[in-house]
Amino acid sequence: MRNSLLIAFRELKERWDNRSFRAMLFLGPLLILSLIYLVLESGNQGVTSMKVLIADPTNLFENKIASRPSESVTYFFYDDYIEFESFKNSPKFKEFDALIELNEKVLINKKVFLFHRQEPNLQLKMKLKFEVERRMEEVMIEQFTTLGVDDFRKIKQPLNIDFRNVDDPYNQADQGIAWVGYSLGYLMIFFIAIFGTNITKSINREKTNRISEVILASVKARELMLGKIFGNLIASFLQLFIWLLLVGIGLWLLQAVIIPELFTPEHLTGVQVSDQQLKELGMQTISQENNNLDLIYHRINYLWVIPNFILFFLGTYWIFASFFTIMGAMSGDESDGQQFLIPIWILLTLTIFAGYNTLSYPESDLTQFFSFFPWTSGMVSMIKITVGVTVTEYLGILFAWLIQVLVGTIFMLLAARIFKHGILSYSHRFSVKLFFDWLKK
Amino acid sequence: MIEVKGVSKFYSQKKALDEVSLNIEAGRIFGLIGPNGAGKTTLIRILNQIIEPSAGQVLIGGILLNPLHVKAFGYLPEERGLYREMKVLDHLIFLASIRGLYHQDAQKAAKHWLEKFEIMPWSKKRIDSLSKGMAQKIQFIGSILHDPQVVILDEPLSGFDPLNIQLILNEIKAMKEGGKTIIFSTHNMNSVDEICDEVGLINHGKLVAHDKVSALKTQHKTGAFKVRYKGNQIAFANALWTGFELVSTEEIGDQWFQSVIRSRQGQTFNDVFSSLSPALELHLIEEQLPGMQDVFLKLVTDSTP
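Cut-offs and rules
Sequence positions are assigned chain by chain, starting from 1 and proceeding in written order. All chains are assigned letters beginning at A, and all ligands numbers beginning at 1, according to the order in which they are written. Note on the predicted model: pLDDT of at least 70 is required for a residue's local features to be given, and 80 or more for side-chain atom pairs to be given and counted; whole-chain, interface and lining totals, by contrast, use all residues. Derived side-chain values reflect all non-hydrogen atoms in the structure, with water molecules and hydrogen atoms excluded from consideration. Comment: elements are numbered from the N terminus, with helices defined as DSSP H or I runs of at least four residues and strands as E runs of at least two. Throughout, the radius of gyration refers to the C-alpha atoms, and the reference size of a globule is 2.2 Å times the residue count to the power 0.38. Working definition: with a 1.4 Å probe on protein chains only, accessible area under 20% of the residue-type maximum means buried, over 50% means exposed, and in between means partly exposed. Pairs of residues are marked as contacts when any of their non-hydrogen atoms sit within 4.5 Å. Computed with the Shrake-Rupley method and a 1.4 Å probe, the accessible areas treat only the protein chains shown as cover for residues. For the charge count, each Lys or Arg is scored as positive and each Asp or Glu as negative, with His and the chain ends excluded. To locate a charge, the coordinates of NZ of Lys, CZ of Arg, CG of Asp or CD of Glu are taken. Note on geometry: axes are lines fitted to C-alpha atoms, helical ones only across the stretch in contact, with angles between N-to-C directions running from 0 to 180 degrees. Just so you know how the angles are binned, under 35 degrees is roughly parallel, over 145 roughly antiparallel, 65 to 115 roughly perpendicular, and the rest oblique. Crossings are classed by handedness, with left-handed meaning an anticlockwise turn of the near helix from the far one by less than a right angle and right-handed meaning a clockwise turn. As a working rule, the residues Ala, Val, Leu, Ile, Met, Phe, Trp, Tyr, Cys and Pro are called nonpolar, Asp, Glu, Lys and Arg charged, and the rest polar, with Gly in that last group. The domain boundaries here were taken from an automatic or database domain assignment. Summed over both partners, the accessible area lost on bringing two parts together, with a 1.4 Å probe, is the buried area. The salt bridge definition used is simple: a Lys or Arg side-chain nitrogen within 4 Å of an Asp or Glu carboxyl oxygen. Polar contacts, as used here, are pairs of N or O atoms within 3.5 Å; protein pairs need one atom able to donate a hydrogen and one able to accept it. Residues neighboring in sequence count only if both atoms are side-chain atoms. Within 6.5 Å between ring centres, the rings of Phe, Tyr and Trp (the latter by its six-membered ring) count as paired, and their orientation is classed by plane angle as stacked under 30 degrees, edge-to-face over 60, tilted in between. A ring is considered to have a charge above it if a Lys NZ or an Arg CZ atom is located within 6 Å of its centre and within 35 degrees of its normal. Note on patches: the residues involved have over 30% relative accessible area and no salt bridge, like charges join within 9 Å, and the nonpolar side chains Val, Leu, Ile, Met, Phe, Trp and Tyr join within 5 Å. Strand pairing is defined by DSSP finding a minimum of two bridges between the two strands.

Engineer: Go over the overall build of chain B, please, and point to the residues and values.
Structural biologist: The helix and strand tally for chain B stands at ten helices and 14 strands. Over its C-alpha trace chain B gives a radius of gyration of 24 Å, far above what one expects of a compact globule, namely 19 Å for 305 residues. Counting only C-alpha atoms, chain B reaches 75 × 50 × 30 Å along its principal axes. The 305 residues of chain B split such that 49% are buried. Sequence-distant contacts, at least 24 apart, represent 68% of the contacts inside chain B between residues at least 6 apart. Here chain B displays about 14,400 Å² of accessible surface, and carbon together with sulfur accounts for 49% of that area. Positive and negative charge centroids in chain B, built from 33 and 34 side chains respectively, lie 6 Å apart.

Engineer: Account for the overall build of chain A, with residues named and values stated.
Structural biologist: When helices and strands are counted, chain A shows 18 helices and five strands. Within chain A, contacts between residues at least 6 apart in sequence are counted, and of these 76% link residues at least 24 apart.

Engineer: I'd love a proper account of the packing of helix α13 (residues 302-330) of chain A against helix α17 (residues 391-422) of chain A, names of residues and values included.
Structural biologist: All names here are of chain A. In the contact formed by α13 and α17, the axes pass within 8 Å of each other and the chain directions differ by 25°. When the axis of α13 is compared with that of α17, the two are roughly parallel. Once α13 is placed against α17, the crossing between them reads as left-handed. When the residues that make up the contact of α13 with α17 are grouped by side-chain class, the tally is 21 nonpolar, nine polar and no charged.

Engineer: Residue-level account of the domain arrangement of chain B, with values.
Structural biologist: Domain boundaries assigned for chain B yield domain 1 (2-80 + 134-218) and domain 2 (222-288). One C-alpha centre belongs to domain 1 of chain B, the other to domain 2 of chain B, and the line joining them spans 41 Å.

Engineer: An account of the interface of chain A and chain B is requested, with residue identities and associated values reported.
Structural biologist: Of the residues lining the interface, 23 residues belong to chain A; the matching set on chain B comes to 30 residues. Carbon and sulfur atoms make up 56% of the area that chain A and chain B hide from each other, which totals about 2,200 Å². Area buried by chain A at its contact with chain B is led by A:Arg10, A:Glu213 and A:Ala217, which between them contribute 25% of it. Inspection of the chain A/chain B interface yields three salt bridges. The salt bridge partner of B:Asp90 is A:Lys13, with a shortest N-O separation of 3.5 Å. The interface formed by chain A and chain B contains seven residue pairs in polar contact (both at pLDDT 80 or more).

Engineer: Explain the packing of aromatic side chains to me, and be specific about the residues and the numbers.
Structural biologist: As enumerated under the stated definition, the model contains 30 aromatic pairs over all chains in all. Relative to A:Phe370, the ring of A:Phe369 has its centre 5.7 Å away and its plane inclined at 50°; by these criteria the two rings are tilted. Accessibility expressed as a relative area gives 3% for A:Phe370, which makes it buried. Taken together, A:Trp16, A:Phe21, A:Phe190, A:Phe191, A:Phe195, A:Phe237, A:Trp243, A:Phe309, A:Phe313 and A:Tyr317 form an aromatic cluster joined through their ring pairs. Over the face of the ring belonging to B:Tyr83 we find A:Arg10, whose NZ or CZ atom lies 3.5 Å from the ring centre. Here B:Lys230 stacks its cationic end above the ring of B:Trp256, 5.5 Å away from the centre of that ring.

Engineer: Describe a positive patch on the surface, listing the residues and the values that go with them.
Structural biologist: Together, A:Lys220, A:Arg222, A:Arg417 and A:Lys420 line one region of the surface with positive charge. For A:Arg417, the location among the structural elements is in helix α17.

Engineer: An account of the pattern of salt bridges is requested, with residue identities and associated values reported.
Structural biologist: Taken as a whole and assessed by the stated rule, the structure comprises 31 salt bridges over all chains. Of the charged contacts in the structure, one is a salt bridge between B:Lys173 and B:Glu194, with a shortest N-O distance of 3.3 Å. Note that B:Lys173 is positioned in helix α5 (residues 162-177) and B:Glu194 in helix α6 (residues 189-195), a separation of 21 residues in sequence. Given the relative accessible area of 28%, B:Lys173 is considered partly exposed. We classify B:Glu194 as partly exposed; its relative accessible area is 41%. What you see here is one network of salt bridges that share partners, running through A:Arg10, A:Glu11, A:Glu14, A:Arg15, A:Arg205, A:Glu206, A:Lys228 and B:Glu85.

Engineer: Give me the lowdown on the sheet that holds strand β5 (residues 160-165) of chain A, citing residues and values where you can.
Structural biologist: Residues and elements named next belong to chain A. Spatially, five strands are ordered β2-β1-β3-β4-β5 in an open sheet, and the strand pairing comes out mixed. Of all strands in the sheet, those with a lone pairing partner are β2 (73-78) and β5, marking the two edges. Sheet twist, expressed as the mean angle between neighbouring strand axes with direction ignored, is 25°. Both strand β1 (residues 50-55) and β2 contribute to a ladder of six bridges, which runs parallel. Counted as the bridge partner of valine 52 is tyrosine 75 from β2.

Engineer: Kindly report on the pairing of strand β4 (residues 111-116) of chain A, identifying the contributing residues and their values.
Structural biologist: Residue and element names in this part refer to chain A. As paired strands, strand β3 (residues 98-101) and β4 are joined by four bridges and run antiparallel to one another. Note that in β4 the partner of glutamate 101 across the bridge is phenylalanine 113. Inspection of the sheet shows β4 paired to β5 by six bridges, in the parallel sense. By the bridge assignment for β5, lysine 111 is matched with asparagine 160.

Engineer: A description of a nonpolar patch on the surface should follow, citing residues and the corresponding values.
Structural biologist: Residue and element names in this part refer to chain A. Together, Met24, Leu27, Leu30 and Leu31 make up an exposed nonpolar region whose accessible area comes to about 370 Å². Note on placement: leucine 27 falls in helix α2 (residues 19-42). For leucine 27, a relative accessible area of 44% puts it in the partly exposed group.

Spelled out as C-alpha cells, the structure:
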C-alpha cells in the first residue's frame, strides 16, 4: 500500500507540474461560471409584449385592471368561461397571446392560471403579476374590508400566478433539474475521460522509456497499477474539488458582489418598487421567477447531490479505469495506445447517450437497462438523484452502484493480469491471441 | 549467499530457463554471461522478483526469496529508463523510497552520491535536460542508492565513455570491498576478466559453465607458453624436440627472440624450463591462459546444438 501511495503521489506531482493542469484549475471554473452567467441571462428570454385576454365570468375586475395603458401589455376582458382547449385552438382567440382565468374561487384560493402561447420574458411576467395583484387588492378592499390599502397589504395573502404554456398545461416539460443531473453526469464522464486517458498515457510512457523494469524490481505490478489509478483519481478529485470550490465561491460572488443587479427586483420586474412593497406583494422570492436562477440557487439540493456525485464518480471511475489500464498494458507503444482508446470512447459516448435517453424517456425499458448497466448507471443515477427519488428508488440506485463496484473489481483483477505481462512487453504488435495468453497466465 | 535451485521458466511453448542451479557467494563479483537470448535477463528478472519461476526456487541466505528481500537488491536493467520530466533529486528520492527508504534517508543518500559523481549542481534540473552520460550516472546511482547487499547490473558499462567506465568499475570494486555481492551481466569479456571473481555462462536457457574465472581459464588453457630468450633459433628448436610445437617466433633484438610454443603432451612450466634452460639464456617463460573472450566463444560453440 505504501508503494502504491508513493506511486500515486508521483503521478499526482507529475500532473501538478504540468502547466496546463494548473491553468485549467482556474480556467475551468471561470468557463463554468461564464456558462452559468449565460444560462442565468438566458432565463430572461421571452416575448416582451402581449395581448392578454382575461376570462372573468363573475365580472370580478369590472373590466378594469391597469390604471395606465402600456406598450407591453394590452388587456381584453371576456365575461364568460373559456375552455382551455377552446382558447388553444379556436380561431376566435387566436389573436390573444395569453389567457388569465379568474374563476369564482380566486378570492379564496388566491391562485390564478395564466396560459401563454409563447413564454413572456421575466420583466413582462412580473408586470403581469404586479398588475393582476394590484387589481385584486382593490377588489378585495371594496368587497370585504374597510381597511385602507396600506393596512390591507400588511395582512393579505399573496396571489399565486401560475404561468403555463398552452402546449404543456401540466408543466410536464420542466426538465431543468434533470438537465442539471445530466450535466453532472457529463462532468463526471469528462473527468474520467481526461484522467483515464492519463492512465493509458502514463503506462505507455513508462513502457516507451523503459522505466517500468526498474520500478517493477521494487514494487509489484499490481501496486504499480493501483498507484497509477489512485494517482490519477487524486488528481481528478483535486481538480474537481477546486472547481467545485471556485464555482461555489463564484456563484456567491455573482449574487453578492459582481452582478447583484441581476438578482434585484428592479432588474427582474422592470418596476421601481421598494423591498417593503415587494414583500407586501408576496414577491420576496422574486428570483424564483427566473427559472434558471431558481434552479441554480434554490432547487438543487447540493448537500444531497454532491455526496452522491462523489459516490458515482468513484464507481464509474473504478470501472472505466480498469479499461484504460488494459489498453495501456496491451499497447506496444504510444501510437498504439491512441488507437486502443477508441473502444473506450465508444463506451463513454454510450454513457452520454444513456443520459440523453433518460431525459427523453425516463420510464423506458432502455433506461431501466442503462440504470443497471455498470458503465452507464453512474450517469442515469445522477439524473435520477438530482430530480428526486423515493427511498425504494434510492435503494435501487445503490444496488446499481454495488454492481458497478463489483463488475469494476472483476475487470480490475483482469486488468492486473494483463498489466503484469503487458508492462514488460515493448514494441509488440497487439493481437487477440496475446490478449488471451496474458489473461490465462 | 544466493542459491538458485533448479530454476526453469516457460513462456508459452518456449523454455527460457532450463533447470538452472548456481550458488553466488556473498562479497563476490559474479559475471553472468551468455549470448543474446540465452536467458540471462529472465534469470535476472526472477532474482529481482519481477517474474516468478515456473519451477525451482531461489534462496537468499537460506531463506526463500520473498518481497522482504526487495530492499536488499539493487538493479540496473539493460533496458533502463528514467522519468524524463522529473527533477534529478526527486527521481532518486522516489526510487529509493520505493525500495523502502524514508524520505529523509533517501534525500541524504541521493545527495551523497550526486556529490560523489560530481553532478550535484544538476540536482534540481529536469532529467530530460541532462547529457546522456549524466543520465546514465543517475541510473547507476538509482540502483545503489538504498545501499543494497546485492547489486544486479545488466550491461552497466554500455554507453559510457572510457573515463566513466573506469569510474563505474572502480565503484563496483569498492562495493565488493564493502562486502556487497555483485551480479554483473555483460557482453564485454574484458571487463569480466578485469573484475569478476566467478562467472556463470548460460546458453539456450541452460547453465553451461559455473566456476571461478581463473579456474575456467585453466580448464580451457591450450598448453601455450610465451618464451623470451637470447641465443640461436636452431638450438631453441632442438631443445623443444618432439615435446613442443612452435607456434610463432618474433625477433625483438640482436639474437633476442620471443616465441610462443604449445605443449604436445601436457607438459608443465617446469618441463619447459628444464628443456630449454641448458641450451639458451632464458629471460621469460609465461604460461598463456586464454582470455574470457576465448573461453566464452569456446563454451558457447561447444554448447550450441
